[in-house]
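# Survey of secondary and tertiary structure
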Amino acid sequence: MQKGTPEYEQALEAVIEILRSRARQGAAPIPYGDLSSELARLGHHVPAHDGPMPYLLEDASVRESPDGSLPLLSALVVLKDSGWPSGGFFKLAGRAPYKRAGDDVVLWTREIEKLAEHYANR
């Protein structure tokens, strides 16, 4: 699956919908493996930690908030062992136009809270 192909775009739309749904339900994080399984159930074969997954997560956040004004959907996806997002999330959150402030704990906690608030009635 390559970025820019119809297959990638369909998988990206599925990722966005899955994460929006999670955000609407209180923004409970989802492990990479569970997201991969959910995508497979929908016909998109995306390995949990390889291939296009990091690009799909970044693109989901960028598509949902191109100007940085909305919370980052990718904050919801976490590593099973630690319960924390991967380093890719923190890199995205720190760069323009997002420029999220605070140490990792504060930044991530705030992002999860904003996701729950933003999507509560959507």
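These notes cover the structure that comes with them. All of these numbers come straight from a predicted model, not from anything done at the bench.

### Considerations on the overall build of the protein chain
- A tally of regular secondary structure across the protein chain gives five helices and two strands.
- Taken from the N to the C terminus, the helices and strands of the protein chain come in the order α-β-α-α-β-α-α.
- Taken over C-alpha atoms, the radius of gyration comes to 13 Å for the protein chain, in line with the 14 Å a tight globule of 122 residues would show.
- Taken along its principal axes, the extent of the C-alpha atoms in the protein chain is 35 × 30 × 25 Å.
- A sequence separation of at least 24 residues applies to 61% of the contacts in the protein chain between residues at least 6 apart.
- Roughly 6,500 Å² of accessible area belongs to the protein chain as shown, and the carbon and sulfur atoms make up 51% of that amount.
- Placing the 14 positive and 17 negative side-chain charges of the protein chain at their respective mean positions leaves the two points 3 Å apart.

### As for the nonpolar core
- By size, the foremost hydrophobic cluster in this structure holds 36 residues, and its most contacted members are Leu19, Leu35, Leu39, Leu57, Phe89 and Leu115.
- Those elements that place two or more of their residues in this core are α1 (6-24), α2 (32-41), α3 (53-64), β2 (77-78), α4 (87-94) and α5 (104-119).
- Of the residues forming this core, the biggest block, nine residues, is contributed by α1.
- Residues contacting leucine 19, with those up to four places away along its chain left out, are Ile30, Leu57, Leu73, Ser74, Leu76 and Val77.

### Considering the side chain of aspartate 59
- Examined against the element boundaries, aspartate 59 turns out to sit in helix α3.
- Overall, the relative accessible area of 15% leaves aspartate 59 in the buried class.
- If we skip the residues at most four places from it in the chain, aspartate 59 touches Lys3, Tyr8 and Leu12.

### Considering the side chain of serine 65
- Mapped onto the fold, serine 65 is located in the loop between α3 and β2.
- Take serine 65: its relative accessible area is 0%, and that puts it in the buried class.
- A polar contact is formed between the side chain of serine 65 and the backbone nitrogen of leucine 70, at a distance of 2.9 Å.
- If sequence neighbours within four positions are ignored, serine 65 has contacts with Leu70 and Tyr98.

### Comments concerning unusual backbone geometry
- Each neighbour pair has its own omega, and for alanine 96 with proline 97 the value is 5°, a cis peptide bond.
- Structurally, proline 97 can be placed in the loop between α4 and α5.
- Not every positive phi belongs to a glycine, and alanine 27 is a case in point at roughly 65°.
- One can find alanine 27 in the loop between α1 and β1 (30-31).
- Taking the relative accessible area as the measure of exposure, alanine 27 reaches 2% and is therefore buried.

Conventions we followed
Residues numbered from 1 in each chain as written. Predicted model: local features only at pLDDT ≥ 70, side-chain atom pairs only at ≥ 80, totals over all residues. Heavy atoms only, no water. Helix = DSSP H or I, 4+ residues; strand = E, 2+ residues; numbered from the N terminus. Rg over C-alpha atoms; globule rule 2.2 N^0.38 Å. Contact = heavy atoms within 4.5 Å. Areas by Shrake-Rupley, 256 points an atom, 1.4 Å probe, with all protein chains shown as cover. Lys, Arg positive; Asp, Glu negative; His and termini not counted. Charge placed at Lys NZ, Arg CZ, Asp CG, Glu CD. Core = buried A, V, L, I, M, F, W, Y, C linked by side-chain atoms within 4.5 Å. Buried < 20%, exposed > 50% of the residue type's maximum accessible area, 1.4 Å probe, protein only. Polar contact = N/O pair within 3.5 Å; in protein donor to acceptor, adjacent residues only side chain to side chain.

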